[in-house]
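Single-letter residue listing:
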Amino acid sequence: MTLAQTDWFTAARFGLFVHFGLYSVAARHEWVMTREQIPLNEYERYAQVFDPDRFDARAIARAARSAGMGYAVLTTKHHDGFALWNSGVSDYTSMQACGRDLVAEFAEACRAEGLRVGFYHSVIDWHHPDFTIDCHHPRREDGDLTELNSGRDMARYREYLHAQVRELLTGYGPVDYLFYDFTYPDGMNGLPGKGAQDWDAEALLALTRELQPGIIVNDRLGIGGDLVTPEQYQPDGPMTSGGVPVLWEACQTMNGSWGYDRDNLEFKSADLLVRMLVDSVAKGGNLLLNVGPDGRGALTPQDSATLAEIGTWMDLHAQSVIGAGPSEVPPPPGTALTRRDDRLYLHLLTWAFGHVHLPGLAGKVRFARFLHDGSEVARTEFDPGQQAWNTTPGGQPPGTLTLQLPTIRPDVLHPVIEIILDGEN
Ligand code: GLC
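These remarks concern the structure in this document.

Conventions and cut-offs
- Residues numbered from 1 in each chain as written.
- Predicted model: local features only at pLDDT ≥ 70, side-chain atom pairs only at ≥ 80, totals over all residues.
- Heavy atoms only, no water.
- Helix = DSSP H or I, 4+ residues; strand = E, 2+ residues; numbered from the N terminus.
- Rg over C-alpha atoms; globule rule 2.2 N^0.38 Å.
- Contact = heavy atoms within 4.5 Å.
- Buried < 20%, exposed > 50% of the residue type's maximum accessible area, 1.4 Å probe, protein only.
- Polar contact = N/O pair within 3.5 Å; in protein donor to acceptor, adjacent residues only side chain to side chain.
- Near = heavy atom within 4 Å.
- Areas by Shrake-Rupley, 256 points an atom, 1.4 Å probe, with all protein chains shown as cover.
- Nonpolar A, V, L, I, M, F, W, Y, C, P; charged D, E, K, R; others polar.
- Pairing = 2+ DSSP bridges.
- Axes fitted to C-alpha atoms, helices over the stretch in contact; angles between N-to-C directions.
- Phe/Tyr/Trp six-rings, centres within 6.5 Å; stacked < 30°, edge-to-face > 60°.
- Lys NZ or Arg CZ within 6 Å of the ring centre and 35° of its normal.
- Expected span 1.5 Å × (residues − 1).

For the chain, the helix and strand inventory stands at 14 helices and 18 strands. Expected size for 425 residues packed as a compact globule is a radius of gyration near 22 Å; at 24 Å, the chain falls within 12% of this value. Dimensions of the chain, computed from C-alpha atoms along their principal axes, come out at roughly 85 × 45 × 40 Å. Sequence separation of 24 or more characterises 70% of the internal contacts of the chain that already satisfy a separation of 6 or more.

What follows is the structure in structure tokens.
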């Protein structure tokens, strides 16, 4: 993977994760099958009633696009094993259940809306008869594992896994991003996990790159990848591996659950989510924000409203995020700083402090204005060589640029000041 091949991803900064599957009908988190240890034949009943009549891939892609996102990633198969496409090697599919290839609908909709296409694919499979019972499997407490696993053959499962990946990467046009999920070699509670060799990760990754040479692949096969995917946390700074910066993308939920979770109403606000997005960009990363369509496949009112609110902010502030990255200037307290070309973007995460001091920027700035309305922000600069005073307002050291904020806070999720740097800076 060359740097140029990942350019679109770094520039996009913001993507939509879509968790949809049989668990959306259960509506109790996407791990419901194993959390409640639901027997296979009982869980399969969700497939018999699966009817995503309100799954409108175009509407989902449009919502992503209007929120300012550049790509979207759909769960082609989650840990429950149900495939959302017309798989030729399984009859546990959306095609069998409702006559629809949702992956095809999704890929087409993304392209129509100008989004890059991403697939999430679980290497874990609680439905496949050859997938051995381990620490996360719904049957982990059903008796002696050696007995339960006799007759299960991971080599046969691997063939199936690779065959399904081949279908996904040959049948749906260019796929830009693959999010594999996940490897857990250490196991849990004295029960075994699964590692790279269980997926034959090397061969799977090679197959992925052979079928889609331009694809970006995440790091969850147990052998590294093109990017690191912190889950439900923001790293405390730019991510590195062996001292070298790496691509990274934080994946985050709206309410802690990835799949639709009807009774969980602990939603993050659009305000918080925009701060998280800016936090990622300021640290050189991306944000993949999840939605969990409901049992009929519709975006929930909460998810739609949040995306729309984020979109309202992005309409006015996109250039501080898309195509932007970290700035070498340290952010003053209560702010985050991003940079794009000759512009610094000062995100004001709190308010009413009157002045913002930027040490070292005096004499280096051509103009400062609010991004939402283009209105000038007054500034004071002292030339360290010439000045009669040795401090700026607020007792700042020479060379400090001071921005003067208005008393009234602009009515946006958080205001951003665009600072146009002069010449060489
Ligand atoms: C996890 C979970 C899962 C979710 C995912 C998203 O590892 O198993 O349910 O799909 O990560 O990052």
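Okay, back to it.
Moving on: the side chain of His19. Note that His19 resides in the loop between β1 (14–18) and α2 (23–26). When its relative accessible area of 3% is taken as the criterion, His19 is described as buried. Within the local environment of His19, its side chain forms a polar contact with the side chain of Asn290, the two groups lying 2.8 Å apart. For His19, the contacting residues outside a window of four places in its chain are Ser24, Glu30, Thr75, His78, Tyr120, Trp258, Gly259, Asn290, Val291, Gly292 and Pro293.

Around the ligand, the surrounding shell holds 14 residues, and the nearest of these are His19, Glu30, His78, His79 and Glu231. Separating an oxygen atom of the ligand from a side-chain N or O atom of His19 is a distance of 2.6 Å. Between an oxygen atom of the ligand and a side-chain N or O atom of Trp31, the distance comes to 2.9 Å. In the complex, the protein chains occlude 95% of the 310 Å² of accessible area that the ligand would expose alone. Looking at the shell around the ligand residue by residue, the class counts come to 7 nonpolar, 3 polar and 4 charged.

Asp181 connects to Phe182 through a cis peptide bond whose omega is -20°. Here Phe182 lies in the loop between β4 (177–181) and α11 (196–199). We note that His29 has phi near 85°; this positive angle belongs to a residue other than glycine. Relative to the elements of secondary structure, His29 occurs in the loop between α2 and α3 (32–35). Phi at Asn189 takes a positive value of approximately 50°, unusual for a residue other than glycine. Its location among the elements puts Asn189 in the loop between β4 and α11.

This part is about the sheet that holds strand β16 (residues 378–381). Across the sheet, 3 strands lie side by side as β14-β17-β16; this open sheet has antiparallel pairing. Both edges of this open sheet fall to β14 (355–358) and β16, since each of them pairs with a single strand only. Ignoring which end each strand starts from, the neighbouring axes of this sheet average 20° apart. Note: β14 against strand β17 (residues 401–404), 4 bridges, orientation antiparallel. Residue His357 lies in a different strand from β17, and its bridge partner there is Thr402.

This model, assessed by the stated rule, comprises 21 aromatic pairs. On the numbers, 6.3 Å between centres and 80° between planes, the contact of Phe119 with Tyr172 is edge-to-face. Of this pair, Phe119 sits in strand β3 (residues 116–122) while Tyr172 sits in the loop between α10 (154–170) and β4; the two residues are 53 residues apart in sequence, bridging distant segments of the chain. For Tyr172, a relative accessible area of 11% corresponds to the buried category. Plain terms: the ring middles of Phe131 and Tyr157 are 5.1 Å apart, the flat faces sit at 85° to each other, and that makes the pair edge-to-face. Of this pair, Phe131 sits in the loop between β3 and α9 (145–149) while Tyr157 sits in helix α10, and the two are 26 residues apart along the sequence. Comparing Phe131 with Tyr157, the two get one shared label, buried. One aromatic cluster is present, formed by Trp8, Phe9, Phe17, Tyr71, Tyr120, Tyr177, Phe179 and Trp258 through successive ring pairs. The ring centre of Phe131 lies 4.1 Å from the NZ or CZ of Lys194, which sits over that ring.

The next point concerns the pairing of strand β13 (residues 343–348). Where a strand is regular, its side chains alternate between the two sheet faces. Among the 6 residues in β13, 5 count as buried, and that is most of the element. As paired elements, strand β12 (residues 335–340) and β13 share 6 bridges and run antiparallel to each other. Pairing of Thr335 across the sheet is with Leu348, part of β13. Two successive antiparallel strands, β12 and β13, enclose a turn made up of 2 residues, where Asp341 displays a positive phi of approximately 50°. Where β13 meets strand β18 (residues 416–421), 5 bridges bridge the pair, whose relative direction is antiparallel. Paired with Arg343 across the two strands is Ile420, which belongs to β18.

Let us look at helix α14 (residues 301–317). Over its 17 residues, α14 runs 24 Å from end to end, which matches the ideal 24 Å to within 8%, given 1.5 Å per residue. Inspection of α14 places Asp303, Thr306, Leu307, Ile310, Gly311, Trp313, Met314 and His317 among the buried residues, and these make up the whole buried set. Here the buried face of α14 lies against β1, α6 (57–66), α13 (270–282), β10 (286–291), β13 and β18.

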